[in-house]
Amino acid sequence: MPTQVRLLPLALLALVACSSGGEDEETDAGTNPVEDLCNTREEALTLAECELKPGEPLERFLAQAGEVKAGDQDWYRIVLPADTSARTLLNVNGAYLAASTAVNLSVTVLEPLASGSDSALVKKEDKHGQGAPRPVDMVLPLREDLKSKTLLVLVQDSPDVVSRPNYDAKSRYRLTMQIATNPDTHEPNDVPTAATPVTLASEAGQLVGTATGYLATDNDVDHYTFALTAGKVAYVRLVAPNQEFVPNWRLAYELRRPGFAEKEDEGQVPPQVRGGELATARKVQQTGTWTLVVKGYRGTDDKDTAQGDLRQRYEVEVRVMDEEDPQDRTAPTNDTIQGATARSFEGSAPGSAGATTSITGRLGYKADRDWYSVRLPASTVPTVLRYRVVPLGTGGRFPPLPGTPDRLVQVVTLVSKGANLNEWRTSCLSDVTACPKGFGENPDARQLVEGYCTRTDLPAPMCTHSYREEVTANSRFANLSNLRGQLPVPAHAAAVTYYFFVQDDGTNWADDRDYRLEVDWQAEDADELARNPGAAEVPVARTLASTTAYPAPPDTAEFSVSGQLSHGFGRLRSGNDRVNGLGVRGPADYDAVPSDVDSYQFQLPSVAAPEDRAWLVQWEVEKLADGGTPHGLALDLTFCDGDSPDAGAGICAPVTTGSRNGSLTLGYRSDALRAWHTPSSASVSSLQPQYTLEERPNSTVVTLAPYACGCLERRFIRGGTMRVDVSAAERLDYERVNYTLRTGYGAYPQSYALDGGASAACPAPVQDGGTTLPDGGVTPLGWAGGCVFTRQP
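None of the values given here were measured: they were computed from a predicted structure.

I'd love a proper account of the state of the cysteines, names of residues and values included.
Applying the stated criterion to the full structure yields six disulfides. The residue that forms a disulfide with Cys38 is Cys50, at a sulfur-sulfur distance of 2.0 Å. The disulfide joining Cys38 to Cys50 has a torsion of about -105° about its S-S bond and is therefore left-handed. Residue Cys38 is found in the segment before helix 1 (41–46), and its partner Cys50 is found in the loop between helix 1 and strand 1 (58–62); the two are separated by 12 residues along the sequence. The exposure class of Cys38 is buried, given its relative accessible area of 1%. Relative accessible area serves as the criterion here: at 0%, Cys50 is assigned to the buried category. Shown here is the disulfide that connects Cys711 with Cys787, its sulfur atoms set 2.0 Å apart. On the sign convention where negative is left-handed, the bridge of Cys711 and Cys787, at about 85° about the S-S bond, is right-handed.

Here it is as structure tokens:
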């Protein structure tokens with residue numbers, strides 16, 4: 001075998017700044033004579049100065065002597081050693097030792113044929129344009145039949161215009177040759193028929209095989225084969241260890257099925273990665289010999305050059321193992337909805353022992369998707385379906401595949417409302433009784449939800465009731481803590497089936513670790529059932545009571561309403577909170593019914609003018625067993641404007657937005673804010689929080705602060721009623737807890753404390769003195785100013 005010589009890395013070919021020549025330059029023959037040697041094929045084969053020897057660089061001009069003109073061709077020979085084999089590598093490097101040159105250096109290695117002609121083995125050119133010249137470097141794998149034979153090297157210009165070659169009479173190019181042994185002991189395995197077999201041996205209940213190789217030459221491709229049996233799981237890993245430099249190639253692979261024609265999987269590492277790791281896990285569908293193709297990534301059109309690299313080795317690992325997911329061991333597997341693992345709660349009452357189930361599954365390979373179904377018996381009252389995906393510590397026979405895990409769970413029902421498939425799809429898209437929609441909290445979910453209504457590869461349109469996607473970048477959602485939820489189940493006259501499927505988003509990741517899907521069917525809380533005698537919730541009617549207490553209403557039944565909030569992920573303060581993954585769900589999570597809402601309608605007092613009244617508001621949320629607060633509350637307000645032209649006897653002119661078109665919603669915030677009565681000229685330092693929060697041993701209590709000047713406007717008092725819709729806010733847990741809302745009214749205006757101990761009063765109404773009419777009459781005295789609580793900044 002030839003002596004193993006380290007091939008010259010490109011970085012060692014330093015460029016030396018000097019002037020360059022060309023067609024339009026004169027040559028000073030006295031100081032820089034042009035040596036025009038080795039001009040023909042015959043000279044290359046016979047003259048001693050035309051032999052290119054390993055490690056002995058030649059420096060020559062690419063210019064014709066005499067008149068110093070273009071069109072020069074330099075020919076050289078290489079005599080290969082007698083031990084040349086298929087693992088012998090020929091490295092030829094050409095480079096201009098100048099900062100600039102008009103020559104686009106072209107180097108071709110040719111094999112002389114018996115016919116007297118030559119066959120080009122490899123050709124490379126430096127088309128550097130106006131930039132600095134670049135080395136032309138090639139590593140050529142040889143053949144065993146070339147031992148002791150002679151190759152030719154042709155050096156010339158590669159002009160942009162073929163009829164106008166360039167030359168350089170002032171700068172020399174350097175030509176270097178090395179011969180080395182390919183470190184890849186499996187060469188030649190560049191074609192499928194010469195693939196290297198990977199021997200699989202039993203190891204801890206698996207079949208395991210390994211191999212090591214190099215992509216040593218340009219566009220080098222290595223093939224490995226191994227036997228797989230249908231029904232097994234094959235894990236194939238390809239890694240180029242990090243050696244603190246970026247290889248000349250981007251590691252890539254193809255996994256081919258028996259017969260080589262069909263591609264099972266493929267991938268490549270990202271650009272500029274030091275080494276890199278690729279892996280796949282596949283459920284084997286065909287028994288036979290499979291092929292792993294290892295190569296450098298050559299672009300989407302496969303036209304780029306993946307340069308060889310003798311420094312960077314890669315390692316192959318193949319593991320073959322049994323299917324461990326019980327639902328995937330035998331046909332039909334639960335990879336499709338038709339094969340969903342079924343559970344039934346029929347014959348069981350909500351909340352009973354028979355109305356709960358847990359199923360263990362695992363994502364054991366790429367494209368693995370686990371379908372489950374739960375059948376609920378008919379129910380004359382609304383109920384709640386709860387679910388949770390819990391990661392377990394078992395499994396994991398191979399490392400998680402490279403990439404970001406983004407597991408998801410989706411809950412759907414099949415829509416069949418209508419006479420045919422097209423009507424089913426229409427119902428799924430637009431009939432909220434067939435498929436409720438909750439895009440208000442997540443507008444981005446529309447495409448997902450409507451896509452499942454219209455997909456043609458499904459047995460029927462699917463209504464998405466809940467969607468959860470893993471968020472690993474946010475520690476709040478570590479260990480799949482957001483993959484859970486509660487769904488409202490309307491009363492239904494016949495049994496209904498809910499489908500759950502668990503997968504990786506994009507089905508491009510797996511970890512072979514067990515998870516447990518927990519589902520239980522619960523009765524709706526008694527308070528909710530009382531509100532739903534029919535299809536729609538009926539607000540609880542109460543009369544707003546009067547009190548002299550301030551700012552907190554008395555803790556008595558006269559001022560209190562109570563309930564539970566079950567399903568839905570609750571309210572957020574802004575869309576940014578959803579995007580940032582705040583609350584109990586991730587940015588992509590969706591619920592068709594986003595929040596359980598408890599509604600109350602308060603009869604407001606009939607009082608003499610000026611009707612302005614102080615409004616006292618406080619809410620209390622029970623804590624969890626561990627002392628945590630599961631959520632806050634959001635109060636959505638709807639007043640009736642008694643002064644609206646649309647108002648009349650028994651007719652409400654609803655007001656749901658403030659003067660700046662913001663929603664009339666109360667929700668706890670700890671920061672100092674500008675209250676409705678605070679002048680815009682007031683300094684920021686004079687602002688105060690509008691809520692106070694008290695942590696009690698078993699509950700969290702929020703009270704509207706005196707600074708907020710909570711009040712009921714005169715037009716609302718004259719409107720007669722106030723509706724309050726209570727929902728969870730910034731939800732952190734789905735456990736059911738009790739809440740209490742306390743509210744009442746009192747004398748207005750009240751006062752609030754200023755910094756330093758002084759106090760100030762909320763704006764009081766004043767008489768406006770009446771208005772002169774066109775006929776000379778005067779309107780009755782009116783009132784101006786006072787409470788304008790809806791004028792929120």
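Now, about the pairing of strand 15 (residues 263–268): what can you tell me, with residues and values included?
In summary, the side chains of a regular strand alternate between the two faces of the sheet. Bridge analysis of strand 14 (residues 251–256) against strand 15 gives five bridges, and the strand direction is antiparallel. Looking across to strand 15, one finds that Tyr253 is bridged to Gly267. Hairpin connection from strand 14 to strand 15: six residues lie between these consecutive antiparallel strands, with Gly259 at a positive phi of about 90°.

Just give me the short version of the packing of helix 2 (residues 421–430) against helix 3 (residues 445–454), but keep the residues and values in it.
Orientation of helix 2 relative to helix 3, taken along the N-to-C sense of each, is 165°, at an axis distance of 8 Å. In this view, helix 2 runs roughly antiparallel relative to helix 3, as classed from their interaxial angle. As for how helix 2 packs across helix 3, the hand of that crossing is right-handed. Of the residues in helix 3, those touching helix 2 at Arg425, Cys428 and Leu429 are Glu450, Cys453 and Thr454. Taken together, the residues of the contact of helix 2 with helix 3 sort by class into three nonpolar, one polar and two charged.

Would you mind going over the nonpolar core in detail, with residue names and values included?
Counting 46 residues, the largest nonpolar core has Trp615, Trp619, Leu635, Phe639, Leu666 and Leu712 as its most contacted members. Looking at this core element by element, the count peaks at five residues for strand 32 (residues 613–622). Within the second largest apolar cluster, 27 residues are counted, among which are Val103, Val107, Leu142 and Leu175.

Quick rundown of the packing of aromatic side chains? Include the residues and the values.
Centre distance and the angle of the planes are the two values used to describe a pair of aromatic rings. Counted according to the given criterion, the structure contains 13 aromatic pairs. Ring geometry for Tyr235 and Phe398: centres 4.8 Å apart, planes at 10°, overall stacked. You can see Tyr235 sitting in strand 13 (residues 233–240) and its partner Phe398 sitting in the loop between strand 22 (383–395) and strand 23 (407–414), a full 163 residues away along the chain. Residue classification places Tyr235 among the buried residues on the basis of a relative accessible area of 0%. A residue is classified by how much of its surface remains accessible, and Phe398, at 1% relative accessible area, is buried. Taken together, the ring pairs in this structure connect Trp615, Phe639, Phe716 and Phe789 into an aromatic cluster. Arg256 extends its terminal NZ or CZ atom over the ring of Phe260, reaching a point 5.1 Å from the ring centre. The side chain of Arg369 reaches across the aromatic face of Phe501, ending 4.8 Å from its centre.

Procedures and definitions
Residues numbered from 1 in each chain as written. Predicted model: local features only at pLDDT ≥ 70, side-chain atom pairs only at ≥ 80, totals over all residues. Heavy atoms only, no water. Disulfide = S-S within 2.5 Å. Helix = DSSP H or I, 4+ residues; strand = E, 2+ residues; numbered from the N terminus. Buried < 20%, exposed > 50% of the residue type's maximum accessible area, 1.4 Å probe, protein only. Pairing = 2+ DSSP bridges. Axes fitted to C-alpha atoms, helices over the stretch in contact; angles between N-to-C directions. Parallel < 35°, antiparallel > 145°, perpendicular 65-115°, else oblique. Left-handed = near helix turned anticlockwise from the far one by under 90°. Contact = heavy atoms within 4.5 Å. Nonpolar A, V, L, I, M, F, W, Y, C, P; charged D, E, K, R; others polar. Core = buried A, V, L, I, M, F, W, Y, C linked by side-chain atoms within 4.5 Å. Phe/Tyr/Trp six-rings, centres within 6.5 Å; stacked < 30°, edge-to-face > 60°. Lys NZ or Arg CZ within 6 Å of the ring centre and 35° of its normal.

The values reported here are purely geometric and, on their own, carry no functional implication.
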